[in-house]
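Observations on chain architecture
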Amino acid sequence: MDLSNLRGEILKELNLSSINSGIYASGWVKKPSGKIVQSISPIDGKKIATILTGSKKDYELVIQKSEKAFQQWVTFTPPQRGELIRLIGNELRDHKKNLGKIVSLETGKTTVEGEGEIQEMIDIADFAVGLSRQLHGLQMASERFEHRMYEQYLPLGVIGVISSFNFPSSVWSWNSFIAAVVGDAVIWKPSSKATLTAIAVMKIITKVVKENNYPEIFTLLTGSGSEIGNLMSADPRVKLVSFTGSVKSGRVVSETVARRFGKTILELGGNNGSIVSSKANLSLSLKGVAFGAMATAGQRCTTTRRIIVDEKIYKEFVTKLKDIYSKVKVGNPRENGVLVGPLIDGEAVKNFTSSIQKAKREGGKVLAGGKPASVKGLEGGFYVQPTVIEMPRVTPITCEETFAPILYVFKYKTLDEAIRIHNSVPQGLSSSIYTTDLTEEEKFLSALGSDCGLANVNTATAGAEIGGAFGGEKDTGGGRESGSDAWKSYARRQTVTINWGKDIPLAQGVKFDV
Ligand code: NAD
């Protein structure tokens, strides 16, 4: 199938044909000085666009423009800032379909998942608008007479968002819309594998900013992680680096930012497990596992990568799961009925293959899939067969996150054993248990249960909503983004004490009479 019509149509509809610059700082920089990057569609392996990225010189310009915009932005009240985000949310609604197409074309997501990505941006915009009238601190009782104590949250300044390819626009919005209402200016360094999506989003966002005369608080800085990402991490002018990506890159960012005592939000890899009890609703758990393991071709941070199944139902569960896998359609993600699209690139296919080989060497038995796949008419694309591997025990490869649809299956006798297997990996993002037994469910949710940032009951590890705080423990990095009180990470907390009396009593009864 030829995607060139779709390519042309999208570039035209979003007015992207004339743009090849990956740098926006109060306007598109005409000739950025960095490397040329090609945006490739994993659906057919063909080029969508050529983009000029930034280097150190562009970085300086972006920082200076951002610092200037921040100085203006802090003169707006939070509800006034919320008004900008409301307008942006409306604009995103108007462009949802087209932006969804770009996401799908550039990352290989299915049509509904591409649009779902933009819907998530709209949802977080709505959330941020409400939040802009609620940025509350606590008031504490003072021990001193005629004193008042409270805490307030002030903007940090310029912050950096480094995003991964697999959520090429929503990750930016989770951070940026919340940070914006708090009062920060945001520099975005997107993944080099999803540069066009970032440019399309910025075109839409910055049009709203310009037309309504707001300060240019959103800037875009495409470029490599090792150069641009590293400049951002090392720069004390960037008060917070919110990083979404692999554990490996996150560790470098974390160490670099910590050296200068900067702040980080780390949203790193997951190796998410589901326990399937003999007390589970079988058809519900099969659907949950299938969605968790195969959606987005296994390229979600929350993808179900391991299931731990009660030996009492093991045979039946695995037989039914194999049946589902044999029927799932892999192919062009823009076609109706296709549930599994391509991986992001050839490197990802290589990782898929080598992980399967390792799993076999470590005693694994392939129950479904196991090989790269070829899709007729899309031979240049990066397709693989969704794979299920039965493992005899926890082994080194099952402790790694392979960003592909590989599901490892373990057997358990007792719930304690299942939880032990579940918690035995270095990552701690998402988890779930399928059971109708209250005792099992509560144990899973207790301090002796799941060690992850997200715990689900009778639903998949993947598919979080924006209202909750999102993030994970252990090697996943400990960051929290999106809903609940995650907004506090984008602010500096200040404890205020006001003496409104005529004397100056001291805390702890200290006397200092002068
Ligand atoms: P990646 O680590 O290869 O790249 C992520 C981003 O980091 C890119 O923008 C890249 O250019 C940049 N980068 C790379 N090295 C850097 C460095 N030294 N300094 C600064 N920036 C650098 O990850 P990816 O392949 O794009 O994304 C997949 C990974 O992201 C998976 O591990 C997945 O689990 C994780 N992820 C986590 C979450 C979460 O919320 N926990 C969400 C989405 C993806």
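Model, not experiment: these values are computed from the prediction. (Residues numbered from 1 in each chain as written. Predicted model: local features only at pLDDT ≥ 70, side-chain atom pairs only at ≥ 80, totals over all residues. Heavy atoms only, no water.)

1. As for the pairing of strand S20 (residues 454–457)
Of the two faces of S20, the one holding Leu454 and Asn456 is buried and the one holding Ala455 and Val457 is not buried anywhere. In this structure, strand S19 (residues 430–434) lies alongside S20, joined through 4 bridges in parallel fashion. Paired with Ser431 across the bridge in S20 is Ala455. (Buried < 20%, exposed > 50% of the residue type's maximum accessible area, 1.4 Å probe, protein only. Helix = DSSP H or I, 4+ residues; strand = E, 2+ residues; numbered from the N terminus. Pairing = 2+ DSSP bridges.)

2. Remarks on the site of the ligand
Surveying the vicinity of the ligand reveals 27 residues, the closest of which are Ser163, Ser246, Ser249, Leu268 and Glu401. The contact in question runs from an oxygen atom of the ligand to an N or O atom on the backbone of Ser163, over 2.8 Å. In this structure, Glu267 approaches the ligand through a side-chain N or O atom, which is 3.2 Å from an oxygen atom. The set of elements that each furnish at least two residues to the shell around the ligand consists of helix H8 (225–234), strand S9 (240–244) and helix H9 (247–259). Here the shell around the ligand is built from residues that sort into 11 nonpolar, 13 polar and 3 charged. When we break the shell around the ligand down by domain, the ones giving at least three residues each are domain 1 (3–268 + 477–494) and domain 2 (272–466). (Near = heavy atom within 4 Å. Polar contact = N/O pair within 3.5 Å; in protein donor to acceptor, adjacent residues only side chain to side chain. Nonpolar A, V, L, I, M, F, W, Y, C, P; charged D, E, K, R; others polar. Domains from an automatic or database assignment.)

3. Side note on the nonpolar core
Trp172, Phe177 and Phe218 are the most contacted members of the largest nonpolar core, which totals 86 residues. The element that contributes the greatest number of residues to this core is helix H7 (residues 195–211), accounting for 10 residues. Of the residues that make up this core, three or more belong to each of domain 1 (3–268 + 477–494) and domain 2 (272–466). Leu282, Leu286, Tyr314 and Phe352 belong to the second largest nonpolar core, which has 52 residues in total. (Core = buried A, V, L, I, M, F, W, Y, C linked by side-chain atoms within 4.5 Å.)

4. Considering the packing of aromatic side chains
The tally for this structure, following the rule as stated, stands at 10 aromatic pairs. Measuring from centroid to centroid gives 4.9 Å for Trp172 and Trp188, while their planes differ by 15°, and the two rings are stacked. Of the two residues, Trp172 is situated in helix H6 (residues 170–182) and Trp188 in strand S7 (residues 185–189); the sequence distance between them amounts to 16 residues. Among the residues examined, Trp172 registers a relative accessible area of 0% and is labelled buried. (Phe/Tyr/Trp six-rings, centres within 6.5 Å; stacked < 30°, edge-to-face > 60°.)

5. A closer look at the domain arrangement of the protein chain
Domain assignment breaks the protein chain into domain 1 (3–268 + 477–494) and domain 2 (272–466). Computed from C-alpha atoms alone, the centre-to-centre distance between domain 1 and domain 2 is 30 Å. Between domain 1 and domain 2 lies a buried interface of about 2100 Å² when both sides are counted; carbon and sulfur atoms form 61% of it. When the buried area of domain 1 at its contact with domain 2 is split by residue, Pro42, Ile43 and Glu113 rank highest and sum to 23% of it. Applying the counting criterion to the domain 1 and domain 2 interface returns 2 salt bridges. (Buried area = accessible area lost by both parts, 1.4 Å probe. Salt bridge = Lys/Arg side-chain N within 4 Å of Asp/Glu carboxyl O.)

6. Considerations on the sheet that holds strand S5 (residues 147–155)
Read across the open sheet, the 3 strands follow the order S4-S5-S24; overall the sheet is antiparallel. Whereas interior strands pair on both sides, the edge strands pair on one side only; in this sheet they are strand S4 (139–140) and strand S24 (491–499). Direction of pairing for S4 relative to S5: antiparallel, over a ladder of 2 bridges. Pairing of Met140 across the sheet is with Met149, part of S5.

7. Concerning unusual backbone geometry
A positive phi angle, close to 55°, is found at Thr296, a residue other than glycine. Relative to the helices and strands, Thr296 is located in the loop between helix H10 (282–294) and strand S12 (304–310). Despite not being glycine, Ser484 shows a phi value in the positive range, around 50°. Considering the arrangement of structural elements, one finds Ser484 in the loop between strand S23 (481–482) and S24.

8. Quick look at the packing of helix H4 (residues 96–107) against H7
The interhelical angle for the contact between H4 and H7, taken along N-to-C directions, is 165°, at an axis separation of 9 Å. In terms of orientation, H4 and H7 fall into the roughly antiparallel class. The way H4 lies across H7 gives a crossing that is left-handed. Every residue of H7 that contacts H4 at Leu99, Ile102, Val103 and Glu106 is listed here: Thr195, Leu196, Thr197, Ala200, Val201 and Ile204. Across the contact of H4 with H7, the residue classes break down as 7 nonpolar, 2 polar and 1 charged. (Axes fitted to C-alpha atoms, helices over the stretch in contact; angles between N-to-C directions. Parallel < 35°, antiparallel > 145°, perpendicular 65-115°, else oblique. Left-handed = near helix turned anticlockwise from the far one by under 90°. Contact = heavy atoms within 4.5 Å.)

9. Some details on the sheet that holds S12
In spatial order, the strands read S13-S16-S17-S12-S11-S19-S20; together these 7 strands make up an open sheet with mixed pairing. Both edges of this open sheet fall to strand S13 (365–368) and S20, since each of them pairs with a single strand only. Averaged over all pairs of adjacent strands, the angle between strand axes in this sheet comes to 25°, irrespective of strand direction. In this structure, strand S11 (residues 272–276) lies alongside S12, joined through 5 bridges in parallel fashion. Within the sheet, the bridge partner assigned to Asn272 lies in S12 and is Thr304. Strands S11, S19 and S20 of the sheet are contacted by helix H14 (residues 438–445), whose axis makes an angle of about 175° with S20.

10. Some thoughts on the packing of helix H3 (residues 78–94) against H6
The contact between H3 and H6 brings their axes to 7 Å, and the two run at 155°. Taken together, H3 and H6 sit at an angle that is classed as roughly antiparallel. For the pair formed by H3 and H6, the contact residues are Pro78, Arg81, Gly82, Ile85, Ile88 and Leu92 on the first element and Phe177, Ala180, Val181 and Val182 on the second. Here the contact of H3 with H6 is built from residues that sort into 8 nonpolar, 1 polar and 1 charged.

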